[in-house]
Amino acid sequence: MSEEDRLAELFRIYREACPDPEPGPDFMPGLWAKVEARRRSARTLWRWTEAFVATAMALTLALAVYSFRQVDPGLHPFSYVEGAENDENFETFAYEELAHLEPPPNQELR
Amino acid sequence: MRIDPETIERARKGDDVAFSAIVQAYRKRILGAIARIIGRPEDVEDVAQEVFVRLYFSLDQLRTPEVFEPWLYRLTVNAAYDYLRKQRRRGESRMADLSEQQIVAADAVASRDAAWEESRRAGYREQVQALLQEVSEEDRILLILKEVEGLSLKELEKIYRVNENALKVRLFRARQRALRAFEKSQAARRAGTAAC
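What you are looking at is a predicted structure, and each value in this text was computed from that prediction instead of being measured.

**Overview of the overall build of chain B**
- A count of helical and extended segments in chain B gives nine helices and zero strands.
- Counting helices and strands in the order they occur from the N terminus, chain B gives α-α-α-α-α-α-α-α-α.
- Looking at the 196 residues of chain B, the share that counts as buried comes to 30%.
- Taking contacts inside chain B between residues at least 6 apart in sequence as the whole, the part at least 24 apart equals 61%.

**Observations regarding the interface of chain A and chain B**
- With 22 residues of chain A at the contact, the number on the chain B side is 26 residues.
- Breaking the side of chain A that touches chain B down by element, the ones donating at least two residues are helix H1 (3–17) and helix H2 (27–70) of chain A.
- By residue number, the principal contributor to the side of chain A that touches chain B is H1 of chain A, which donates nine residues.

**Here's the deal with the packing of helix H4 (residues 68–90) of chain B against helix H8 (residues 153–160) of chain B**
Residues and elements named next belong to chain B.
- The contact between H4 and H8 brings their axes to 8 Å, and the two run at 55 degrees. Comparing the axis directions of H4 and H8 gives the class oblique. The crossing of H4 and H8 is right-handed. Contacts from Glu69, Pro70, Tyr73, Arg74 and Val77 in H4 reach Glu155, Lys158 and Ile159 in H8.

**Thoughts on the confidence of the model for chain B**
Residue and element names in this part refer to chain B.
- Per-residue confidence for chain B averages 84 on the pLDDT scale, and 86% of its residues sit at or above 70.
- When pLDDT is averaged over each helix and strand of chain B, the minimum, 52, is found for helix H5 (residues 95–108) and the maximum, 94, for helix H3 (residues 41–58).
- Here the complex is predicted with pTM 0.68, and the ipTM for its interfaces comes to 0.71.

**Some remarks on the nonpolar core**
Residues and elements named next belong to chain B.
- Judged by nonpolar contacts, the single largest core of 47 residues is most densely connected at Ile34, Val47, Ala48, Phe52 and Ala80.
- Element by element, the count of residues in this core is highest for helix H2 (residues 16–38), at 11 residues.
- If you count residues domain by domain, this core takes at least three from each of domain 1 (1–92) and domain 2 (134–196).
- Apart from residues lying up to four places away in sequence, Ile34 is in contact with Val44, Val47, Ala48, Thr76 and Ala80.

**Let's talk about the confidence of the model for chain A**
- For chain A, per-residue confidence averages 80 on the pLDDT scale, and residues scoring 70 or more make up 72% of the total.
- Within chain A, the lowest mean pLDDT, 57, falls on helix H4 (residues 89–99) of chain A, and the highest, 93, falls on H2 of chain A.

**Digging into unusual backbone geometry**
All names here are of chain B.
- Even without being glycine, Arg161 reaches a positive phi, approximately 55 degrees.
- Mapped onto the fold, Arg161 is located in the loop between H8 and helix H9 (164–195).
- You can call Arg161 exposed: it has 10 C-beta atoms within 10 Å.

**Things to note about the environment of Asp20 of chain A**
- Following the sequence through the fold, Asp20 of chain A ends up in the loop between H1 and H2.
- Asp20 of chain A gets classed as partly exposed once you count the C-beta atoms within 10 Å, which come to 15.
- Discounting chain neighbours no more than four positions away, the residues touching Asp20 of chain A are Lys28, Arg29, Leu31 and Gly32 of chain B.

**Structural notes on the packing of H3 of chain B against H4 of chain B**
Residues and elements named next belong to chain B.
- It is the contact of H3 with H4, at a shortest axis distance of 9 Å, that shows an interaxial angle of 130 degrees. Taken together, the axes of H3 and H4 lie oblique to each other. In this structure, H3 meets H4 at a crossing whose hand is right-handed. Residue-level contacts link Asp43, Val47, Glu50, Val51, Arg54 and Leu55 of H3 to Leu72, Leu75, Thr76, Ala79, Ala80 and Tyr83 of H4.
- Residue composition of the contact of H3 with H4, grouped by class: eight nonpolar, one polar and three charged.

Thresholds applied
- Residues numbered from 1 in each chain as written.
- Chains lettered and ligands numbered in written order.
- Predicted model: local features only at pLDDT ≥ 70, side-chain atom pairs only at ≥ 80, totals over all residues.
- Helix = DSSP H or I, 4+ residues; strand = E, 2+ residues; numbered from the N terminus.
- Buried ≥ 20, exposed ≤ 12 C-beta atoms within 10 Å, placed from the backbone.
- Contact = placed C-beta atoms within 7 Å.
- Axes fitted to C-alpha atoms, helices over the stretch in contact; angles between N-to-C directions.
- Parallel < 35°, antiparallel > 145°, perpendicular 65-115°, else oblique.
- Left-handed = near helix turned anticlockwise from the far one by under 90°.
- pLDDT = per-residue confidence, 0-100.
- Core = buried A, V, L, I, M, F, W, Y, C linked by C-beta atoms within 7 Å.
- Domains from an automatic or database assignment.
- Nonpolar A, V, L, I, M, F, W, Y, C, P; charged D, E, K, R; others polar.

Written as structure tokens, this is what we have:
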């Protein structure tokens, strides 16, 4: 008999020497108690998650309302383009900028 | 299969009576497998209950009732791994306690014949458990499932989710390592006998 066969035989004898144990009388009640405990903790976790999400949503909404009210309507009553259109100095300013590009009158042109 | 697919299907839909029927059909087998894997009789029921609690909460993920048994074994192996990992963190020894309990159990047997039979069995148990202690946790569980629980390669494929060739290689290596440990223990035994 080779060592491998002896090992296989040993495992077979071990299987016979270790019969499946009988479950105790508290096995099923204990199992259902654990199932119920896990269900309860899952429900608690779910409730906490719901409460957290609801609070986060309420806070987001409150912040949005608050920041909307904080905007000063007099600060930016019109857009930049509208502002430029209404501003009389706007075009003058642009013209003055261009005027600087001309050479001074006392300098000779080559 | 120890249970009909209809019962599994009913349990999957949340029928607690069907779930109880599944537990009753498989609990002994699962208790046996766990006992052989973890080697601590006092914790076997706890781990088995954990397996069935996991089963209860994950039954809806089972695709077909045909793969139920390998799937239950997978849950068993995972729960056993988790238990062994926790034990390792606690730094407790397992087999040493077991041998003592076995000796106590053997001593408690009233009849002399029964005591002799029990001590013979305890001897085999100790020998195999000492042998399995010499290999890694992964090898030990694989060898127990294949050699002791008698699962087929097809079932093991489903449990480990690897193809047959990879599994054969793993099994071959695990067997080789166990064989080396066995040869070593045999040599030590022979040396012990010669010394006497």
